[in-house]
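# Summary of structural features
Read off the chains here:
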There are 2 protein chains.
Amino acid sequence: MTHTAAIIGGGVIGGGWAARFLLNGWDVHVFDPDPEAERKLGQVLANARRSLPGLTDVALPTEGRLQFCTTLQGAVEHADWIQESVPERLEIKHKTMAAIQQVCRPEAVIGSSTSGFKPSELQAGAARPEQIMVCHPFNPVYLLPLVEVVTTPQNGSERIDVVKTLLQGVGMYPLHLKKEIDAHVADRFLEAVWREALWLVKDGIATTEEIDDAIRYGFGIRWAQMGLFETYRVAGGEAGMKHFMAQFGPALKWPWTKLMDVPDFNDDLVDLIAGQSDDQSGAYTITELEQIRDNNLVAMMRALKTQDWGVGALLTKHEDHLRESGTEPQPVDHTAPVVTGNRVVPLDWTDYNGHMNEARYLQAFADATDQFMAIIGCDAAYIAAGGSYFTAETHIRHLDEVNAGQIIRIETTALGGGGKKLHLWHEMYVAEKMIATGEHFLLHVDLKTRKPSPASPAVDSALKEWVEAHGERPRPEGAGRAIVSSPPR
Amino acid sequence: MTHTAAIIGGGVIGGGWAARFLLNGWDVHVFDPDPEAERKLGQVLANARRSLPGLTDVALPTEGRLQFCTTLQGAVEHADWIQESVPERLEIKHKTMAAIQQVCRPEAVIGSSTSGFKPSELQAGAARPEQIMVCHPFNPVYLLPLVEVVTTPQNGSERIDVVKTLLQGVGMYPLHLKKEIDAHVADRFLEAVWREALWLVKDGIATTEEIDDAIRYGFGIRWAQMGLFETYRVAGGEAGMKHFMAQFGPALKWPWTKLMDVPDFNDDLVDLIAGQSDDQSGAYTITELEQIRDNNLVAMMRALKTQDWGVGALLTKHEDHLRESGTEPQPVDHTAPVVTGNRVVPLDWTDYNGHMNEARYLQAFADATDQFMAIIGCDAAYIAAGGSYFTAETHIRHLDEVNAGQIIRIETTALGGGGKKLHLWHEMYVAEKMIATGEHFLLHVDLKTRKPSPASPAVDSALKEWVEAHGERPRPEGAGRAIVSSPPR
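Within an unreviewed UniProt entry, the label attached to chain A reads L-carnitine dehydrogenase, and the organism entered is Roseobacter litoralis. As its UniProt record puts it under Sequence similarities (unreviewed entry), chain A is described as follows: "Belongs to the 3-hydroxyacyl-CoA dehydrogenase family. L-carnitine dehydrogenase subfamily." The UniProt entry for chain A carries the following text under Pathway (unreviewed entry): "Amine and polyamine metabolism; carnitine metabolism."

## Overview of the pairing of strand β2 (residues 27-31) of chain B
All names here are of chain B. When you tally the buried positions in β2, you get five out of five residues, the bulk of the element. Covered by surrounding structure in β2 are D27, H29 and F31 together with V28 and V30, the residues of both alternating faces. Bridge analysis of strand β1 (residues 4-8) against β2 gives five bridges, and the strand direction is parallel. Across the sheet, the residue bridging to A5 is V28, located in β2. One crossover worth recording links β1 to the parallel β2 by way of helix α1 (residues 11-23), and it is right-handed.

## Regarding the UniProt feature "domain: 3-hydroxyacyl-CoA dehydrogenase NAD binding" (unreviewed entry) in chain A
Following the UniProt record, the feature "domain: 3-hydroxyacyl-CoA dehydrogenase NAD binding" (unreviewed entry) maps to residues 5-178 of chain A here. In residues 5-178 of chain A, helix accounts for 37% and strand for 20%; the two terminal C-alpha atoms are 26 Å from one another.

## Quick word on the sheet that holds strand β8 (residues 173-176) of chain A
Residues and elements named next belong to chain A. Spatially, eight strands are ordered β3-β2-β1-β4-β5-β6-β7-β8 in an open sheet, and the strand pairing comes out mixed. Pairing within the sheet leaves two strands with one partner each, and these edge strands are β3 (66-68) and β8. Averaged over all pairs of adjacent strands, the angle between strand axes in this sheet comes to 25°, irrespective of strand direction. Sheet topology places strand β4 (residues 81-84) next to strand β5 (residues 109-112); four bridges connect them, and they run parallel. If you follow W81 over to β5, its bridge partner there is V109.

## Looking at the packing of helix α8 (residues 208-226) of chain A against helix α7 (residues 186-202) of chain B
The interhelical angle for the contact between α8(A) and α7(B), taken along N-to-C directions, is 50°, at an axis separation of 9 Å. In terms of their interaxial angle, α8(A) and α7(B) are classed as oblique. For the crossing formed where α8(A) meets α7(B), the hand is right-handed. Residues I211(A), A214(A), F219(A), R222(A) and W223(A) of α8(A) touch α7(B), and the partners they reach there are A186(B), F189(B), L190(B) and V193(B). Class assignment of the residues belonging to the contact of α8(A) with α7(B) gives a composition of eight nonpolar, no polar and one charged.

## What to know about the pattern of salt bridges
Residues and elements named next belong to chain A. Evaluated as defined, the whole model comprises 59 salt bridges over all chains. A salt bridge links D348 to R302; the nearest nitrogen and oxygen atoms lie 3.1 Å apart. Of this pair, D348 sits in the loop between β9 (338-344) and α14 (358-375) while R302 sits in helix α12 (residues 286-306), and the two are 46 residues apart along the sequence. According to the relative accessible area criterion, R302 is buried, its value standing at 7%. One continuous salt-bridge network, built from bridges that share partners, spans D57, R302, K305, E319, R343, D348 and D367.

What counts, and where the lines are drawn
- Along each chain, residues carry numbers from 1 onward, in the same order as the chain's sequence is written.
- Whichever chain is written first is A, and whichever ligand is written first is 1; the rest continue in order.
- pLDDT decides what is reported in this predicted model: residues at 70 or higher carry local features, side-chain atom pairs at 80 or more are listed and counted, and totals for whole chains, interfaces and linings draw on all residues regardless.
- Where side-chain values are given, they derive from all heavy atoms of the structure, hydrogens and water being excluded.
- UniProt positions are given in the numbering used here, feature names are shortened, and annotations may be inferred rather than shown by experiment.
- Burial here depends on accessible area, computed with a 1.4 Å probe over protein chains only, as a share of the maximum for the residue type. Under 20% is buried, over 50% is exposed, and the range in between is partly exposed.
- Secondary structure elements follow DSSP: runs of H or I of four or more residues count as helices, runs of E of two or more count as strands, with numbering from the N terminus.
- At least two bridges found by DSSP between two strands are what make those strands a pair.
- A clockwise course of the path from the first strand over the helix to the second, judged with the strands pointing away from the viewer, identifies a crossover as right-handed.
- Axes, fitted as lines to C-alpha atoms, cover a helix only where it is in contact. Angles between the N-to-C directions of the axes lie from 0 to 180 degrees.
- Put simply, angles under 35 degrees are roughly parallel, angles over 145 are roughly antiparallel, angles from 65 to 115 are roughly perpendicular, and the rest are oblique.
- By definition, turning the near helix anticlockwise from the far helix through less than a right angle yields a left-handed crossing, and turning it clockwise yields a right-handed one.
- Residues count as neighbours in contact if any of their non-hydrogen atoms are within 4.5 Å of one another.
- Following the grouping adopted for this structure description, the nonpolar residues are Ala, Val, Leu, Ile, Met, Phe, Trp, Tyr, Cys and Pro, the charged ones are Asp, Glu, Lys and Arg, and the polar ones are all others, Gly among them.
- Whenever Lys or Arg places a side-chain nitrogen within 4 Å of a carboxyl oxygen from Asp or Glu, that contact is recorded as a salt bridge.

Structure representation (C-alpha cells):
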C-alpha cells in the first residue's frame, strides 16, 4: 500500500523531506503559501533525484506522486505522516499544529522539524498531544539518515515504534532520545562549535576557510566514521577509555574554550564572517556547492559501505530492506536469462568524460556475478566455509555510454560450468538498449589452499541446471570474441 | 638528500610522526626511555605501513631507516627536524627543550606536539627561542594531513616557510595560525564538544553510542568534506551566508548549550562513560578498532579524491609532488614497454576474498591507459579541448592474486593505433611476477558529437612512433585471446 506524506512548509528542510518520501515510493502532498514554493522545492527535488537513487546498489521503489495543495486540509486529510517545517517560532508552530489537528486523521503521525523546541512545548494546548513529536532531520534530508526523535510520555510506545519503522523504511536512522532537552543532541554540539568559531574569527585567530580546513583535514573525517567517544577510545590506545579520560579530564578546567562568554552578534561580526565566506566559497554558486556536497556525501557514504561501517552499514541494511520489500519474487525460470542487477548509476561512478567509468562496468558485472553465485548457493555462508569462485578471464564490450542516474539492469546467461568451472555471459541494459556485455570465466577455489577445487555437489548441481537450460538458448552474439582490430605481426 | 627526523617521546603521537616521516623517505631517530617504546612504536608503524602507502595512486619514496637511540644526543644531533611529543606538562616540555637545544643543530626545526600550550610559553627561557614552534598533529598522524603550526614573531618568516615546505613534502597540511591562542583551533572545538557530550551522558539524554551515531549519521559526514562555514553557506540556500546568520544568530542567546557550567569530573562520571563505551565498542580490541578506523579513513579520503575536493584534493596535489620528486625521469625509450603505473594496492581495493577485487584490476589498467594517453599528448588540456579516447573492448587475464599493500607496476605496449584507433597491451607485475594482463581497444571520439573522430595530428604521430617501435618487439603471449573454455554450442 502506498503511504502519503503531507509536507507543511517547503524550503530546504521541507523540500528535503518531500524528496526523501517521494523517492522512496510515498505520495507527497505539499502545502506552503509561499508563491515560490514549487520552484524552490523543485530545486531540492532535482538535487535529490541526481544523488539519492544511486546511493544504494539496489534500485529504489517507483517514485510516488507529488502534489502541491492550495489548502492545508487538502494536504493533510488523507496523510499517514504530516511533517511540519515552518519557521522556528513557538506561536507559529502552535497555530500550525492546531490547524493540522482540525483536519487530519487522528492516527496520523505529526512530526516537527524543530531544531530547538521540546515536544512538550509543541504539545502544550493541543487537541491530541499524543500525535505530536519532534522528528528533527539534517540537511540534506534526502541523503543524511539521522532523525532525532524526541517524545513525551503522551506519545506512547506503540506510536513511537510505528514512527521508527516508517523512518527506517525510507532509509533513515531514528535516534530516539531518552529525555527531551532544548536543541536535542546534535544541535547542542553545533551550537557549542558555532560559538567557538565565531570567537576565533572575531579574534583574528583564523579565517572561516582556515577553520573549515582545521575541521575537514583533521577531526571531521574521524567523526564521520566513528563519532566522538569511539574515536577517543581508540586514541586512549591499549590503556583504554579510562586512561584517555584521566589524561583529558583536567583540561575541562583549563581556559580552552570561551565557554563563559558569548560574542556580541552585531553587523560587524556578520560582515566579517560573510566576507570571509565569500573569499572562501564565492567562486561557486549555492547550486554548484549543493551538488558538490551531494557528490562528496554519496562518494564517502558509499566508501563506508565497502567497509560495512557507520553510515555505510546502514546503507547495506537498507538495501536488504529494499530487496525484501521490492516487487514480488519472480518464479525461477531456468529457460530465460536471470536478472542479477537492477540499480542506478551512482554519482561516484562517473569520470572526467562525464559517463560511467570503464572500471565500473566491471564492478557492476562483478556484482552481478556475485548475485549469480548466490543464486546457485555460493553465498556468504558458503564463502565463509572456505569455497568461492575467482575470476580468471574477462572480456567486456562497451556498446554505448551510460550516465549517472540511469537505471542499469543486468541479465545473465550461464554459458558453461561444472566441477571447477563457471562461464558467465552478462548483458547490461538501459531499458531495452544493450549498453555492454561481459563474458567471464571463473574457477572454483579452496580459500585455504588458494588452488582450484571442485564446487560442492549442491552448488555444482544447481549450476548445471542453469547451464543445461540456458544451453537450449541461442548462443549470444559476441560470446567467445577476441580483440582483433590490429593484425597479428 | 635524505632528511632526518628525531622523535622525542614515542607513544601514539610520536609513533605517528615517526611513521609519517619514515614512509615518506626520511631517516628517523627515536628517543624514548620507556622500555616498551620500541614495541609500542612498532604497532603504530605496522598500522601505518598497511594504510598509508596505498592512500595515493603513486608509490611513496623508498622507506627511510629507523633507529632507536639510547641517548637524546644520539637522536637529535644530526636531525633536520626534532619533534617533541612528551607529556602535556609545561615543566617537562621546558626540560626537554633545554636538553634538545644543548645538542641539536641550531638550524634544525624543533616542533612541539602540544595540544594546549602556546609557542611563547614553550620558548620562555629557551637558549634559542627562534627554533621552537608548535606543530600540532592529529591522530592517526600518518593518515590525517592537518598540522596546526603556531608561531611567535621570534620564529621569523623564513623558518616558517621551511617548516611548511617540509610538512607538505610528507603529505601534510600546515595550517599556520595568525596568532597564538590556548589549545590552538581544532582542540577548542573538541573541548567544547567534549564538555557538551559529558553533560548529555551525565544527564541521561543519550548514551555514548547514541551520541556517536548523532555525529556520524548527521553533521559528521558534512564536516568531513566542507567543514562548518561552507556547510552553513550551503544551508543558507540562495539567500546566502548573511541570511543563514540572521536565522541562527538569536540562538546564541538561547539555552542550547551548558556553556556556563562544567560537569564535575569524578569517578562516577568516568565509570559511566567508560561503561557505556565498553557496551558500544567492547566487541573489538583497540588494535581492531585502529585498523577499522584506518580502513574507513583511507576509503573516505580516496572517495573525496575522486571528487577532487577537500582532503582528496590535497592527495592529488601530493601525488603531483611525488611524481615530480620521484626518481629521475628516464630518457624516453620507444623500443621498450613504457611504465604507466607504479602504486601500492590500497586498503579499499580488496574484497571479501581478501585480495584485490577484480574491478580494481580494470581500474589500475584504466589509470595506466590514461597515463599512456597523456604520454602521447591526450592529456587534461587535450580532453578539455574536446577530444578523448573511449574504451570499446577489454580483455583481462587474472594470472595471480595480489593483496593490499603490495606494489604493482604496469608496463604498456602499443599493439596498434592511428587515426581513430588505439590498441594497448598492459602487463601488471608485482616485482618480476606477472599478475594480470589487460588488452584494450579504444576509439578516439569527439566529445561534442560523442562519435568516433580522428585524433589530432600531434597525438596521431606521437602514437605511431610508439606503435612502430613496439611493433619490432615480439607480440605478447595472450594478445588477441578469447575466452574459449566452453565449446560453442
